[in-house]
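Coordinate inspection notes
Residue-level listing of the chains:
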Amino acid sequence: MARLDLKPKDGRLLAVVLLLIVLLGIYLFGVHWWFVSPHLEYFGQMNDLRDQQQRYSRVIAERPAIEAKLAEVRNYEQGNQAFLSDVDANAASAGLISRLRQSLTDHADPKRCSVVSNQPYSGNEEELYKRVAIQARLRCDIESLAAIVYDLENGKPYLFVDDLMIYKQQTYVPPGAKRVASPLDVRFNLAGYLRQPGKAAP
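Calculation criteria
Throughout this document, residue positions are counted from 1 along each chain, in the order its sequence is written. With pLDDT at 70 or above as the cut-off, local features in this predicted model cover only qualifying residues; side-chain atom pairs require 80 or more to be listed or tallied, and sums for whole chains, interfaces and linings still use all residues. Excluded from the side-chain calculations are hydrogens and water; all other atoms, namely the structure's heavy atoms, are used. To qualify as a helix, a DSSP run of H or I must reach at least 4 residues; to qualify as a strand, a run of E must reach at least 2; elements of each kind are numbered from the N terminus. For the exposure calls, accessible area comes from a 1.4 Å probe over protein chains only, and a residue counts as buried if that area is under 20% of its type's maximum, exposed if over 50%, partly exposed in between. The contact criterion used is simple: two residues touch if any of their non-hydrogen atoms lie within 4.5 Å. Residue exposure ignores everything except the shown protein chains as possible cover, and the areas themselves are Shrake-Rupley values with a 1.4 Å probe. Pairs of strands are assigned from DSSP output, requiring at least two bridges between the strands. Only Phe, Tyr and Trp rings are paired, with Trp represented by its six-membered ring, and only when their centres lie within 6.5 Å; those with planes under 30 degrees apart are stacked, over 60 edge-to-face, the remainder tilted. Each salt bridge in this description consists of a side-chain nitrogen of Lys or Arg and a carboxyl oxygen of Asp or Glu lying within 4 Å of one another. What counts as a disulfide here is a pair of cysteine sulfur atoms lying within 2.5 Å. Interaxial angle, 0 to 180 degrees, is taken between N-to-C directions of lines fitted to C-alpha atoms, where a helix line uses only the stretch in contact.

**Structural notes on the overall build of the protein chain**
When its secondary structure is counted, the protein chain shows 4 helices and 4 strands. Order of helices (α) and strands (β) in the protein chain, N terminus to C terminus: α-α-α-β-β-α-β-β. Out of the 202 residues belonging to the protein chain, those deemed buried represent 22%. Within the protein chain, counting contacts between residues at least 6 apart in sequence, those at least 24 apart form 72% of the total. Looking at the protein chain as shown, the accessible area adds up to about 15500 Å², and 59% of this sits on carbon and sulfur atoms.

Structural data, given as structure tokens:
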């Protein structure tokens, strides 16, 4: 067996290394996990809370500007003429009928265009704002119809003509009689929006 000769200097170095290992073990298992690690976790949570507090402070500081912007938006909405001014759907339907008749008076000859029927229409899809519509049927020539539709869709409040259907009426003309252009049978929905939330509003 070979003999291992250790010098006193080597023994002191080995003792120091062993002492460091023991001290490191005592620190890791007796100090770090019980005292240092929880404090590091608390320190991280404090940093997160401090960041949240700073974000909230910035939001609070911006509150006057946000409230002023909201007031500006509310004032704009109150003065917005895009919506129907009526307070309920029945009054709005009556207003749409009056608007249609006024458009006929302004843009069509009664001999060339007339209202056959109009009635409230409730078969609307869910939308963000409450939609009010009427079903209208006219007997009208194409020039008068174009002027009326243009007038309805380009005024305020905003109105929308949809589901437009045009039928050409066939009339009997006796032999030798002068052929006169027959009026068209026109059917469409005329709709507008109340400044009220609809069924699809959040």
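**A closer look at the pairing of strand E2 (residues 129-140)**
With 8 bridges connecting them, strand E1 (residues 113-121) and E2 associate as antiparallel partners. Looking at E2, one finds that glutamine 119 is bridged to glutamine 135. Both E2 and strand E4 (residues 184-197) contribute to a ladder of 11 bridges, which runs antiparallel. When the sheet's bridge partners are listed, arginine 139 is paired in E4 with aspartate 185.

**Comments concerning the packing of aromatic side chains**
Under the defined criterion, the tally for this structure stands at 2 aromatic pairs. Relative to tyrosine 193, the ring of phenylalanine 160 has its centre 5.9 Å away and its plane inclined at 75°; by these criteria the two rings are edge-to-face. Here tyrosine 193 lies in strand E4 and phenylalanine 160 lies in strand E3 (residues 160-168), a separation of 33 residues in the sequence.

**Focus on the pattern of salt bridges**
In this structure the tally under the stated criterion is 7 salt bridges. Here aspartate 151 makes a salt bridge to arginine 99, at a shortest N to O gap of 3.2 Å. Placement of the pair is aspartate 151 in helix H4 (residues 142-153) and arginine 99 in helix H3 (residues 89-107), with a sequence separation of 52 residues. Owing to a relative accessible area of 18%, aspartate 151 belongs among the buried residues under this scheme.

**Describing the environment of leucine 84**
Within the secondary structure layout, leucine 84 lies in the loop between helix H2 (63-79) and H3. Judged by relative accessible area, which is 7%, leucine 84 ranks as buried. The spatial distance from the C-alpha of leucine 84 to the C-alpha of leucine 96 is 9.2 Å, given a sequence separation of 12 residues. Dropping the residues within four chain positions of it, leucine 84 is found in contact with Ala92, Leu96, Val132, Pro157, Leu159, Gly192, Tyr193, Leu194 and Arg195.

**Quick notes on the state of the cysteines**
For the structure shown, the criterion picks out 1 disulfide. A sulfur-sulfur separation of 2.1 Å characterises the disulfide bridge that pairs cysteine 113 with cysteine 140. Negative torsions about the S-S bond denote left-handed disulfides, and the value of about -110° found for cysteine 113 with cysteine 140 makes this one left-handed. Within this pair, whereas cysteine 113 is found in strand E1, its partner cysteine 140 is found in strand E2, the two being separated by 27 residues in sequence.

**Notes on the sheet that holds E3**
Read from one edge of the open sheet, 4 strands run E1-E2-E4-E3, paired in antiparallel fashion. Each edge of the open sheet carries a strand with a single partner, namely E1 and E3. Along the sheet, successive strands turn relative to each other by an average axial angle of 20°, direction set aside. Set on the sheet, H3 makes contact with E1, E2 and E4; between it and E2 the angle comes to about 35°. Across the sheet, H4 touches E1, E2, E3 and E4, and the angle it forms with E3 is around 170°.

Just geometry here; none of it tells us what the structure is for.
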